[in-house]
Amino acid sequence: MLDLLRETAKRKQMKYFAPMNVVICGCVLLCTISYSVGYKHVIFMHGILSGPIEFNYYNELVQQYHPNTPVTIVDMFDYLVSLTNMWTQVENISAVVKPIMTNTTSEGTILVCFSQGGLICRALLSVIPHNVETFVSLSGPLSGQFGDSVFLKYFFPKYLKENIYKLFYTDYGQTYSIGNYWNDPHQQTLYKKFSTFLAVLNNQSDVVNPRSQEYRHNFMRLKNLILVGGPDDGVITPWQAGHFGMYNESEAILPMEEQEWYKNDAFGLKTLNSQGRIHRFTFSGIPHRSWHSNLTVFETCIKPWL
């Protein structure tokens, strides 16, 4: 299965990796060109194994409430190609969105990012000296993933959460996106040794990151961090990872405030929270594939910051 995914990605990668070939839907491009002064530019980033179609409904709502708002729906690393290494995705997506995220003449930018897309956006906020006012993460595995989800069982049927670290915590395993943010609470030494993405973003102890201060400074430019998740998600495990929570060695949930990198303010999260810039929302009854199509979520977590 892994070899099949790799070959599929290779066949498609030129379409997605070359910035000049990026497709932004015609209606979205029109909105980008013709917009009303005073509206922030909205960027939508899809999740794993999906594409820009995920945000059609929310784009319609944005235009309904704020007509002619400039919108960009990222159409890169769609579907199977979303399994590509996270830094490869971030590097190529950055080439497309950086002009928007650094435009000093605009009213600012709003990132609305779903699932794995939340981690991609988190990385973009770390590597780009941006103008983003609000980052909305819809059920993103912001502090990692550790669970036997349907997705994991489908693509890696020979592994369970207890032993898949043997694949993910290798150089080969780190070529796959989910391996980049697999956070096994029982294998933290291996996690810090092999994690080329999440542990680096977290500026975790014992992990060398020569750009750590740059990442921290850029991330702290955010004015609002909107964290959205819920107990009926069924995919992001634990669901509290969407609020920067994660399991400890006993698989009890440690909330954001008890994480080592929060206490050390390693990438600025503690500072953002102390200044009232973090807003957490919990919704029951919403499965993972419904976060980007729920009117209540939109009106509560996105509309107020447009």
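This text gives an overview of the structure that appears in the document. What you see as residue numbers is a count from 1 along each chain, following the sequence as written. This being a predicted model, a pLDDT of at least 70 is required before a residue's local features are given, and a value of 80 or more before pairs of side-chain atoms are given or counted; all residues contribute to the totals for chains, interfaces and linings. Neither water nor hydrogens contribute to the side-chain values; these are computed over all heavy atoms in the structure.

1. A closer look at the pattern of salt bridges
Inference 1: What makes a salt bridge here is a side-chain nitrogen of Lys or Arg within 4 Å of a carboxyl oxygen of Asp or Glu, nothing more. For the coordinates displayed, the defined rule picks out eight salt bridges.
Inference 2: We note a salt bridge from K223 to E133, for which the minimum N-O separation is 3.6 Å. Of this pair, K223 sits in the loop between α11 (212-219) and β5 (224-229) while E133 sits in strand β4 (residues 132-138), placing them 90 residues apart in sequence.
Inference 3: Across the pair E251 and K161 runs a salt bridge whose closest N-O atoms are separated by 3.2 Å. Of this pair, E251 sits in the loop between β6 (246-247) and β7 (253-254) while K161 is found in the loop between α6 (150-155) and α7 (165-168), placing the two residues 90 residues apart along the sequence.
Inference 4: Relative accessibility thresholds used throughout: buried, under 20% of the residue-type maximum; exposed, over 50%; partly exposed, between the two (1.4 Å probe, protein chains only). Classification of E251 by relative accessible area gives partly exposed; the value is 29%.
Inference 5: Three or more residues are tied together by salt bridges with common partners; here these are K40, E133 and K223. Only DSSP runs of H or I reaching four residues or more are called helices, and only runs of E reaching two or more are called strands; each is numbered from the N terminus.

2. Describing α11
Inference 1: Residues of α11 that are buried include every one of Y215, N218 and F219, and no others. Along the long axis of α11, the arc covered by the buried residues comes to 95 degrees, so they all point the same way. Exposed side of α11, more than 90 degrees from the buried face: Q213 and H217 are the residues found there.
Inference 2: Any two residues whose heavy atoms approach within 4.5 Å are treated as being in contact. Looking at the buried residues of α11, the elements they touch are α4 (86-101), α5 (116-127), α10 (198-201), β5 and α13 (269-274). Directions are taken from the helix axis to each C-beta atom, and the arc is the one they span.

3. A few points about α5
Inference 1: In this model, α5 (twelve residues) spans 17 Å end to end at C-alpha, consistent with the 16 Å of a helix rising 1.5 Å per residue.
Inference 2: With respect to burial, α5 is a largely interior element, twelve of its twelve residues being buried.
Inference 3: All of the buried residues in α5 are Q116, G117, G118, L119, I120, C121, R122, A123, L124, L125, S126 and V127. The span you would expect from a helix comes to 1.5 Å times its residue count less one.

4. Examining the sheet that holds strand β3 (residues 109-114)
Inference 1: Within the open sheet, the six strands sit side by side as β2-β1-β3-β4-β5-β8. Their pairing is parallel. On the outer flanks of this sheet lie β2 (71-73) and β8 (278-282), each paired with one strand and no other. With direction set aside, neighbouring strand axes in the sheet form an average angle of 15 degrees.
Inference 2: The rule for pairing is simple: two strands pair if DSSP sees at least two bridges between them. Sheet topology note: the β3/β4 ladder contains six bridges and is parallel. Bridge pairing in β4 places T109 opposite V132.
Inference 3: Here an axis means a line fitted to C-alpha atoms, over the contact stretch when the element is a helix, while the angle between two N-to-C directions is reported on a 0 to 180 degree scale. Against the sheet, α5 makes contact with β1 (41-45), β3 and β4, and its axis sits at roughly 145 degrees relative to β3, the strand it touches most.

5. Description of the packing of α5 against α11
Inference 1: Relative orientation of the contacting elements α5 and α11 amounts to 105 degrees, with a least axis distance of 6 Å. Of the possible angle classes, the one that applies to α5 and α11 is roughly perpendicular. Across from R122, L125, S126 and V127 in α5, the residues of α11 making contact are E214, Y215, N218 and F219.
Inference 2: Here the nonpolar group is Ala, Val, Leu, Ile, Met, Phe, Trp, Tyr, Cys and Pro; Asp, Glu, Lys and Arg are the charged ones; every other residue, Gly included, is treated as polar. Of the residues in the contact of α5 with α11, the class split is four nonpolar, two polar and two charged. Note on terminology: angles under 35 degrees are roughly parallel, angles over 145 are roughly antiparallel, angles of 65 to 115 are roughly perpendicular, and the others are oblique.

6. With respect to unusual backbone geometry
Inference 1: Residue T237 is joined to P238 through a cis peptide bond whose omega torsion reads -5 degrees.
Inference 2: Locating P238 in the fold gives a position in the loop between β5 and β6.
Inference 3: Backbone geometry places F77, a non-glycine residue, at a positive phi of 55 degrees.
Inference 4: Counting through the fold element by element, F77 comes out in the loop between β2 and α4.

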